[in-house]
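Topology and contacts: notes
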Amino acid sequence: MEIGRSRSVTIRTPEGVTFSLPLAGIVTRMLALIVDLACVGMAAGVVDQLVRGFSVVFSDGARAFQLIAYFVISTGYGIALEWFWHGQTLGKRILGLRVMDGEGRRLRPAQVILRNLMRPLDMLPGLYGVGGTVSLLSRYSQRLGDLAANTIVVRPIRAQLPDVEQLRTGKYNSLREYPHLAARLKRRVTPEVAAIAAEAVLRRDTLEPSARVRLFGELAAHFRGLVEYPAEIVEDLADERYVRNVLEVVFVR
Amino acid sequence: MILHLQRFVRTGRPFWDELQAQLDYLEENPGRRLNFDDALRFDYLVRRCSADLARAGNLAGEPQLRSHLESLVARAYAEVNEVRQQRRRWNVRQWFFGEFPATFRRHIRAFLLSLAITIAGAAFGAGAVIFDPPSKQALMPFEALKDSPAERVKREEIAGRDRLSGHKGQFSAQLMTHNIQVAVFTMALGISWGIGSIAVLFYNGVILGAVAADYVTAGFTPFLLGWLLPHGSVEIPAILVGGQAGFIIARAMIGDRTRRTRRQRFRDVSKDVVTLIGGTGIMLVWAGIIEAFFSQYHEPVIPYAVKIAFGVCELAALAAFLLIGKSAQPEARGEAWKSDDPEA
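Every value quoted in this text rests on a predicted model; they were computed, and no experiment measured them.

Side note on the overall build of chain B
- Across its full length, chain B holds 13 helices and two strands.
- The long-range fraction of contacts in chain B, counting pairs at least 24 apart against all pairs at least 6 apart in sequence, stands at 84%.

As structure tokens, this is what we get:
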């Protein structure tokens with residue numbers, strides 16, 4: 001496992017497949033915590049109301065119940081929810097975070113319990129001072145509870161599939177007129193540059209006009225240098241059109 | 001070579017969508033188990049998606065497509081590589097009467113270290129009170145303990161009414177929750193390479209030694225034993241077990257002579273730590289009940305001999321419970337987890 005530049009954990013499965021999980025940032029985790037604290041507070045408030053009604057009849061038992069209930073709620077909230085919701089409390093669910101095993105596996109009960117039992121230590125001396133500091137210094141943004149339980153908090157991204165139909169120009173593509181040059185072009189374009197160009201086309205509407213012109217100008221210049229097409233074929237093509245034609249040659253048969 | 005992206009997406013998409021739907025369903029219904037046919041299909045989809053991710057990564061490198069496949073594989077990986085234990089039923093009785101004492105015995109050296117530190121603290125506290133009596137005011141944590149033992153014993157023995165009447169339940173709950181918090185904290189402090197656990201155990205020992213020396217030197221040993229033994233015979237060992245769990249964490253933090261990484265060491269001990277702290281919690285619930293409902297009554301309400309005998313019996317029973325039995329071997333751990341699968 002290694003850490004990437006984007007603060008993510010990269011996991012290589014025994015089958016040799018590599019994937020990465022983006023780690024949750026400290027601010028997002030704090031927001032999730034605030035939601036969770038509010039939930040605990042609300043649950044404690046409900047217990048308090050119940051006890052008030054019950055205490056008329058049996059005050060000692062009611063107060064004992066209140067104390068134990070608050071203890072169970074404050075300690076058990078994280079344990080119960082993270083276990084039943086596979087690593088999510090209400091706050092984490094809202095903020096899109098999830099606790100995971102350090103190796104990307106599903107959590108074991110002991111991990112869930114241990115990371116939550118360590119919480120009082122992380123909260124010292126107040127406002128998660130210890131946990132926050134350790135998390136900032138930790139390689140995988142782990143608080144002490146995460147270190148002991150071998151867990152990480154990730155922000156799973158549910159990425160959508162790209163609309164690859166956008167790569168199809170839908171128009172006459174003069175580059176296809178010369179199959180031998182098209183084959184040469186296809187051979188010479190590296191996957192990295194093709195990926196950058198495809199990304200540029202898929203995101204072209206989100207770019208600033210000047211940036212868009214500059215980006216496609218550079219890409220077109222690069223592609224023009226790879227294969228020299230007859231001048232009458234390409235001289236009237238704008239840079240962006242040239243790049244889209246190249247991508248259609250490369251990606252779309 | 002450039003991947004034919006459009007055809008790649010067109011071919012793979014039905015499988016990716018199917019896997020996504022299955023993952024959504026599994027995540028929204030955590031208790032659901034796949035039947036054999038569904039599991040086979042799920043396995044196929046995961047393998048197929050993993051292979052597509054490998055192809056997409058090695059060839060075209062289209063980032064959005066790769067992100068999509070990565071998110072699917074990451075979610076599926078957690079489902080497929082789940083540790084078997086969570087699919088099993090948890091037997092509370094087997095856990096408490098079997099696994100807890102076995103875990104205690106397996107880590108007996110950590111407990112003995114806990115005990116030794118507490119005894120050292122007790123010796124320090126006793127020595128401080130005996131050789132430097134004014135230090136008692138600084139050492140005793142509660143005002144009630146700062147009085148002279150003679151005054152307290154007199155006050156307790158002539159009390160005409162039950163001063164805890166109507167508050168015993170609340171007092172008991174306070175004791176339980178507070179003591180469990182102390183035990184958990186002692187355990188958690190193990191991550192400070194054990195230094196924090198040592199400090200808490202030593203401090204507890206200091207108070208214990210100081211109180212004991214104060215009452216013994218004043219000639220009130222029966223009162224002291226009658227007051228502390230009924231609940232202390234369970235409460236003090238429970239805190240020591242909390243320290244034991246802390247030292248297991250400390251050892252995982254510090255490392256051993258093996259080549260295992262810290263991550264592996266923590267993974268290996270986490271279940272034992274949780275087992276010990278769970279057992280400690282149950283012991284402290286018992287101690288809280290005894291302390292509120294029994295320990296606070298002195299002669300003439302309950303003779304000291306009866307209280308001392310009760311405490312000694314508890315201690316003997318606890319020692320037998322924790323010490324007698326066969327230590328579970330590492331491969332035999334998890335006895336409390338009964339598999340639903342008869343072939344497992």
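Things to note about the overall build of chain A
- A tally of regular secondary structure across chain A gives twelve helices and five strands.
- Over its C-alpha trace chain A gives a radius of gyration of 28 Å, far above what one expects of a compact globule, namely 18 Å for 253 residues.
- Dimensions of chain A, computed from C-alpha atoms along their principal axes, come out at roughly 95 × 35 × 30 Å.
- Looking at chain A as a whole, 37% of its 253 residues qualify as buried.
- Counting contacts in chain A only where the partners sit at least 6 residues apart, residues at least 24 apart contribute 61% of the total.

Things to note about the domain arrangement of chain A
- We note that the domain assignment places domain 1 (2-154) and domain 2 (164-251) within chain A.
- Relative placement of domain 1 of chain A and domain 2 of chain A: their C-alpha centres are 49 Å apart.

Concerning the domain arrangement of chain B
- Domain annotation of chain B identifies domain 1 (5-87) and domain 2 (92-328).
- Using C-alpha coordinates to define each centre, domain 1 of chain B is positioned 50 Å away from domain 2 of chain B.

Thoughts on the interface of chain B and chain A
- Taken together, the contacts link 57 residues of chain B with 58 residues of chain A.
- Per-element tally for the side of chain B that touches chain A: the top contributor is helix 3 (residues 63-80) of chain B, with 13 residues.
- Class assignment for the residues of the side of chain B that touches chain A results in 26 nonpolar, 20 polar and eleven charged.

Some words on the nonpolar core
- Counting residues in each nonpolar core, the largest one holds 117 residues, and the members touching the most others are A:Val243, B:Cys49, B:Val73 and B:Val273.
- Look past the residues within four positions of B:Val273 in its chain and what remains in contact with it is A:Leu114, B:Met187, B:Ala245, B:Ile248 and B:Ile249.
- In this structure, B:Val129, B:Leu139, B:Phe223 and B:Leu228 belong to the second largest nonpolar core, which totals 17 residues.

With respect to helix 12 (residues 239-251) of chain A
- End to end, helix 12 of chain A covers 18 Å across 13 residues, agreeing with the expected 18 Å (1.5 Å per residue, within 8%).
- Counting buried residues in helix 12 of chain A gives ten out of 13 residues, a clear majority hidden from the surface.
- What helix 12 of chain A keeps buried is the set A:Tyr242, A:Val243, A:Arg244, A:Asn245, A:Val246, A:Leu247, A:Glu248, A:Val249, A:Val250 and A:Phe251.
- Residues of helix 12 of chain A that are buried in the fold lie against helix 8 (179-188), helix 9 (191-202), helix 10 (209-226) and helix 11 (231-234) of chain A together with helix 1 (5-28) of chain B.

Comments concerning the environment of B:Tyr44
All names here are of chain B.
- Residue position: Tyr44 is located in helix 2 (residues 36-58).
- In this structure Tyr44 comes out as partly exposed when scored by C-beta crowding, with 13 C-beta atoms within 10 Å.
- In the structure, Tyr44 is positioned 29 residues away from Phe15 in sequence and 9.4 Å away in space, judged by C-alpha atoms.

Focus: the packing of helix 9 (residues 168-188) of chain B against helix 12 (residues 262-295) of chain B
Residues and elements named next belong to chain B.
- Interhelical geometry of helix 9 versus helix 12 gives an angle of 150° and a closest axis separation of 8 Å. One element, helix 9, and the other, helix 12, form an angle in the roughly antiparallel class. Along this stretch, helix 9 crosses helix 12, giving a crossing that reads as right-handed. Residue-level inspection shows Lys168, Phe171, Ser172, Leu175, Met176, Asn179, Ile180, Ala183, Val184 and Met187 of helix 9 in contact with helix 12, the latter providing Val273, Ile277, Thr280, Gly281, Leu284, Val285, Ala287, Gly288, Ile289, Glu291, Ala292 and Phe293.
- Its residues placed into classes, the contact of helix 9 with helix 12 shows 15 nonpolar, five polar and two charged.

Here's the deal with the packing of helix 10 (residues 195-217) of chain B against helix 11 (residues 221-254) of chain B
Residues and elements named next belong to chain B.
- Two numbers describe how helix 10 lies on helix 11: the axes approach to 10 Å, and their chain directions differ by 170°. The orientation of helix 10 with respect to helix 11, classified from their angle, is roughly antiparallel. For helix 10 against helix 11, the interelement crossing comes out left-handed. For the pair helix 10 and helix 11, the contacting residues are Ser197, Leu201, Asn204, Ala212, Tyr215 and Val216 in the first and Thr221, Phe223, Leu224, Ile239, Gly243, Gly246, Phe247 and Ala250 in the second.
- Among the residues making up the contact of helix 10 with helix 11, the classes are represented as nine nonpolar, five polar and no charged.

Digging into the confidence of the model for chain B
All names here are of chain B.
- Taken as a whole, chain B shows an average pLDDT of 86; of its residues, 88% reach a score of 70 or greater.
- Here residues 331-344 is modelled with pLDDT under 50, and outside its nearest four sequence neighbours on either side it reaches 24 contacts, counting other chains as well.
- Here the predicted complex carries an ipTM of 0.84, next to a pTM of 0.79.

Concerning helix 13 (residues 304-323) of chain B
Residues and elements named next belong to chain B.
- Taking 1.5 Å per residue as the helical rise, helix 13 with its 20 residues ought to reach 28 Å, and the 28 Å between its terminal C-alpha atoms agrees with that figure.
- Within the sequence span of helix 13, burial applies to Lys307, Gly311, Glu314 and Leu322. In a view along the axis of helix 13, the buried residues occupy a sector of 60°, so they form one face of it. Of the exposed residues in helix 13, those oriented more than 90 degrees away from the buried face are Ala305, Ala316, Ala317, Ala319, Ala320 and Leu323.
- As for helix 13, its buried residues are in contact with helix 4 (92-106) and helix 11.

Brief notes about the environment of B:Leu284
- For B:Leu284, the location among the structural elements is in helix 12.
- Considering only alpha carbons, one finds B:Leu284 and B:Val216, 68 residues apart in sequence, at a separation of 26 Å.

Focus: the environment of B:Ala39
- Mapping B:Ala39 onto the fold places it in helix 2.
- Note: C-alpha distance between B:Ala39 and B:Met283 (244 residues apart in sequence) is 42 Å.

Focus on the confidence of the model for chain A
- Overall, the prediction assigns chain A a mean pLDDT of 85, with 92% of residues at 70 or greater.
- Across residues 1-6 of chain A the pLDDT falls below 50, and counting only partners more than four positions away or on other chains, this stretch makes ten contacts in the model.

Remarks on unusual backbone geometry
- Omega for the bond connecting A:Leu124 with A:Pro125 falls within 30 degrees of zero, at -15°, which places this linkage in the cis form.
- Mapped onto the secondary structure, A:Pro125 falls in the loop between helix 5 (119-123) and helix 6 (129-137).
- Here B:Glu299 and B:Pro300 are connected by a cis peptide whose omega angle stands at 10°.
- Mapped onto the elements of the fold, B:Pro300 is located in the loop between helix 12 and helix 13.
- The backbone of A:Ser141 shows a phi angle near 55°, a positive value even though the residue is not glycine.
- Inspection of the secondary structure puts A:Ser141 in the loop between helix 6 and helix 7 (144-149).
- Since 21 C-beta atoms lie within 10 Å of it, A:Ser141 is described here as buried.

Here is what the cut-offs are and how they apply
Residues numbered from 1 in each chain as written. Chains lettered and ligands numbered in written order. Predicted model: local features only at pLDDT ≥ 70, side-chain atom pairs only at ≥ 80, totals over all residues. Helix = DSSP H or I, 4+ residues; strand = E, 2+ residues; numbered from the N terminus. Contact = placed C-beta atoms within 7 Å. Rg over C-alpha atoms; globule rule 2.2 N^0.38 Å. Buried ≥ 20, exposed ≤ 12 C-beta atoms within 10 Å, placed from the backbone. Domains from an automatic or database assignment. Nonpolar A, V, L, I, M, F, W, Y, C, P; charged D, E, K, R; others polar. Core = buried A, V, L, I, M, F, W, Y, C linked by C-beta atoms within 7 Å. Expected span 1.5 Å × (residues − 1). Axes fitted to C-alpha atoms, helices over the stretch in contact; angles between N-to-C directions. Parallel < 35°, antiparallel > 145°, perpendicular 65-115°, else oblique. Left-handed = near helix turned anticlockwise from the far one by under 90°. pLDDT = per-residue confidence, 0-100. Arc of directions from axis to C-beta.

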